[in-house]
Amino acid sequence: MQNKITQIARFLVGIVFIFSGLVKLNDPIGFGFKLEEYFSSGVLNLPFLEPYALLIAIFVVILEVLLGVALIIGYAKTVTKWTLVLMMIFFTFLTFYSAYFNKVTDCGCFGDAIPLTPWQSFYKDIILSFLIMIIFFNSRYIKPLFAKASLKWIVFVTTILCFYLGYHVLINLPVVDFRAYKTGVNIQEDMSIPEGAQEPVTLFQWEFIVDGEKNIYETNGAYPEVDGEFVNVTTEVIDEGYVPPIHDFTLMKNDQDKTEELLTEEKLLMIPAYNLSRSENQAWPAIKKVIDKAKAKNYRIIGVSASGNESISELEENYGIHLDFYVCDETTIKAIVRSNPGIVVIKNGVIQQKLHWQNADEF
C-alpha cells in the first residue's frame, strides 16, 4: 500500500514540476518580471536581486524541470528529495506571505497558462508539500525506471534541451503565447463587456455619529438615510464581476485617450518599449530598418512606452529615430510583447504580427 501511494505521489509531483517548469521556461522573461515584483521593496525588500531576476528565473525553471524528470526516472533520489523539500519550504513560505499580506496578486507558478490567486497558490503548495513528504519518508520505494547507466544521459539531454528552449525564446518570443495580446486577438472586442455580464459588487461601510455614538451602516453604494453626522466611508470589493481579457490597454497622448482612434487604423505599426533606458542598444538600428520599410508601405507608425520625454529625446539623439510616442502602462507593455523594444502590427484593432527585434527582417 505504501509503495502504491509513494508511486502515485512520485508521478504527480514529477509531472507538476515538469509542467510548471516548461510553462515558465516558455516565457522566462515573464517569470523574471514576476521575480522582480517579489524582490521589490514593497514585498521581500531585496532590490539588490532585481538586476539578476532573469538569471534566477532561468535557473529556477530549469531546476524545476530537472527535478521532475529526476524524480520520475529515479535518478539521484537523495539529492532530489532534499532539493524538493527545500524548494517547497521556500515557495510555501513565499506564497503564504504573498497571500496573507496581499503582496503579489498572481504568483506566476504556472506562468500565464494557469493564473492562480495568492491563496490558490498557497493551497497548491500545501498539497505538493504533503506529497513530497510522502516521497521523502518512503524514498526506499523509488526505483530507477531505466538502466542506471542511462539515467545520467537522460538528465544531461534534458538539461541541454532546456537551455536550448530558454535561449530560443529569449532571442525570439515565447513558443506558445498564453497572454491576452496573442496574435489574432481583436483588442477592441476583448476590451468590451458583453451584455448581461456579472457586474462588480462593492460593499460600502458608512460611519455616522448618531446620538453621540458611532454606528456603521452597510449598503451597495447608495447613501444611507441616517439622521446623524457623517464621519467616513470605506469600500470592500465583494465580487469583481466580469473582467474582460484586456482591461488595461490605453494609449495616451497629451493627456488624451487615443486608443479608439489608433485601433481603427488599417495599417498600424507599433514599437513597444516598456522602458527606453533599459532597452537593448543593438536593437534600434534593426528597428530603424523596420520603420523605413513601414513608411514605404504607408503604415501609421507609433512608439509606445512608459518612459518620459528625456528618454525619448535621448533615443532620437543617439539613433536618429523619430517616433510619434504614446504613453501606456509599463506592465501592459511588458504583457504585449516580451521584447524591449518589440514590433507589433495591428490592422483594425486585430494583432497581425508580433516580433522580437532580433527577427525584425521578418516584418
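Check the entry above for the structure.
Residues numbered from 1 in each chain as written. Predicted model: local features only at pLDDT ≥ 70, side-chain atom pairs only at ≥ 80, totals over all residues. Heavy atoms only, no water.

Engineer: What am I meant to see in the overall build of the protein here?
Structural biologist: Along the protein, the regular secondary structure elements total 11 helices and 10 strands. The buried share of the protein, reckoned over its 363 residues, is 45%. Long-range pairs, those at least 24 residues apart, make up 71% of the contacts in the protein with a sequence separation of at least 6. For the protein, the centre of its 29 positive side-chain charges and the centre of its 41 negative side-chain charges are spaced 18 Å apart. (Helix = DSSP H or I, 4+ residues; strand = E, 2+ residues; numbered from the N terminus. Buried < 20%, exposed > 50% of the residue type's maximum accessible area, 1.4 Å probe, protein only. Contact = heavy atoms within 4.5 Å. Lys, Arg positive; Asp, Glu negative; His and termini not counted. Charge placed at Lys NZ, Arg CZ, Asp CG, Glu CD.)

Engineer: I keep staring at the sheet that holds strand 3 (residues 229-239) and nothing clicks. Help me out?
Structural biologist: By way of backbone hydrogen bonds, the strands of a sheet pair with one another, either parallel or antiparallel. Taken in spatial order, the three strands of this open sheet run 2-1-3, and their pairing is antiparallel. Strands with a single pairing partner mark the edges of an open sheet, and in this sheet they are strand 2 (213-219) and strand 3. Here the average twist between neighbouring strands, direction ignored, is 20 degrees. Here strand 1 (residues 201-210) runs beside strand 2; their pairing, made up of seven bridges, is antiparallel. Bridging across to strand 2, Gln205 finds its partner in Glu218. (Pairing = 2+ DSSP bridges. Axes fitted to C-alpha atoms, helices over the stretch in contact; angles between N-to-C directions.)

Engineer: Where do I start with the layout of surface pockets in this structure?
Structural biologist: It is a probe the size of a water molecule, rolled over the atoms, that shows where empty space is left. In this structure, the largest pocket occupies an estimated 1,000 Å³ of space. Lining the largest pocket we find 31 residues, and of these Lys34, Asp106, Asp112, Thr331 and Ala335 sit closest to its centre. Put simply, the parts of the chain that give the lining of the largest pocket at least two residues each are helix 1 (2-25), helix 2 (28-39) and helix 11 (330-336). Among the elements that make up the lining of the largest pocket, the one with the highest residue count is helix 2 (five residues). What lines the second largest pocket is a set of 19 residues, and nearest its centre among them are Ile29, Phe33, Leu54, Tyr274 and Glu280. Going through the elements one at a time, helix 2 and helix 3 (53-73) are the ones with two or more residues in the lining of the second largest pocket. With four residues, the top contributor of residues to the lining of the second largest pocket is helix 2. Residue composition of the lining of the second largest pocket, by class: eight nonpolar, five polar and six charged. (1 Å grid on protein atoms, 1.4 Å probe; cavity = no way out; pocket = protein on both sides within 12 Å on 5 of 7 lines; lining within 4 Å. Points joined across faces, edges and corners; volume = space filled by probe spheres on them. Nonpolar A, V, L, I, M, F, W, Y, C, P; charged D, E, K, R; others polar.)

Engineer: It is not clear to me how the nonpolar core should be interpreted in this structure. Could you clarify?
Structural biologist: General note: in soluble globular proteins, nonpolar side chains tend to be found buried as a group. Counting 24 residues, the largest nonpolar core has Phe249, Leu251, Ile302 and Ile346 as the members making the most contacts within it. Every element with two or more residues in this core is listed here: helix 2, strand 6 (268-272), strand 7 (300-305), helix 11 and strand 9 (342-347). Sequence-distant contacts of Ile346, that is, excluding residues within four places in its chain, are made with Ile187, Leu263, Glu265, Glu266, Lys267, Leu268, Met270, Ile351 and Gln352. Residues Leu276, Ala283, Ile312 and Phe325 belong to the second largest nonpolar core, which totals 22 residues. (Core = buried A, V, L, I, M, F, W, Y, C linked by side-chain atoms within 4.5 Å.)

Engineer: Sorry if this is basic, but what is going on with the environment of Asn348 here?
Structural biologist: Relative to the assigned elements, Asn348 resides in the loop between strand 9 and strand 10 (350-356). Classification of Asn348 by relative accessible area gives partly exposed; the value is 33%. With 84 residues separating them in the primary sequence, Asn348 and Thr264 have C-alpha atoms 4.6 Å apart. Those residues in contact with Asn348 that lie beyond four places of it in its chain are Asn186, Gln188, Leu263, Thr264, Glu265 and Glu266.

Engineer: Sorry if this is basic, but what is going on with helix 4 (residues 77-100) here?
Structural biologist: Because each turn of an α-helix spans 3.6 residues, side chains separated by three or four positions end up pointing in the same direction. Here helix 4 contains 24 residues, and its C-alpha end-to-end distance of 34 Å stays within 8% of the 34 Å for a straight helix at 1.5 Å per residue. What helix 4 keeps buried is the set Thr80, Lys81, Leu84, Val85, Met87, Met88, Thr92, Leu94, Thr95, Tyr97, Ser98 and Ala99. Among the residues trailing helix 4, Asn102 stands out with phi positive, at a value near 55 degrees. (Expected span 1.5 Å × (residues − 1).)

Engineer: Is there a simple way to explain a nonpolar patch on the surface in this structure?
Structural biologist: Taken together, the side chains of Phe96, Tyr100, Phe101, Trp119 and Tyr123 define a hydrophobic patch exposed on the protein surface, amounting to about 560 Å² of accessible area. If you list the elements that add at least two residues to the nonpolar patch, you get helix 4 and helix 5 (118-137). Along the chain, the position of Trp119 falls in helix 5. Under the relative-accessibility criterion, Trp119 is labelled partly exposed at 34%. (Patch = residues over 30% accessible without salt bridge, like charges linked within 9 Å, V, L, I, M, F, W, Y side chains within 5 Å. Areas by Shrake-Rupley, 256 points an atom, 1.4 Å probe, with all protein chains shown as cover. Salt bridge = Lys/Arg side-chain N within 4 Å of Asp/Glu carboxyl O.)

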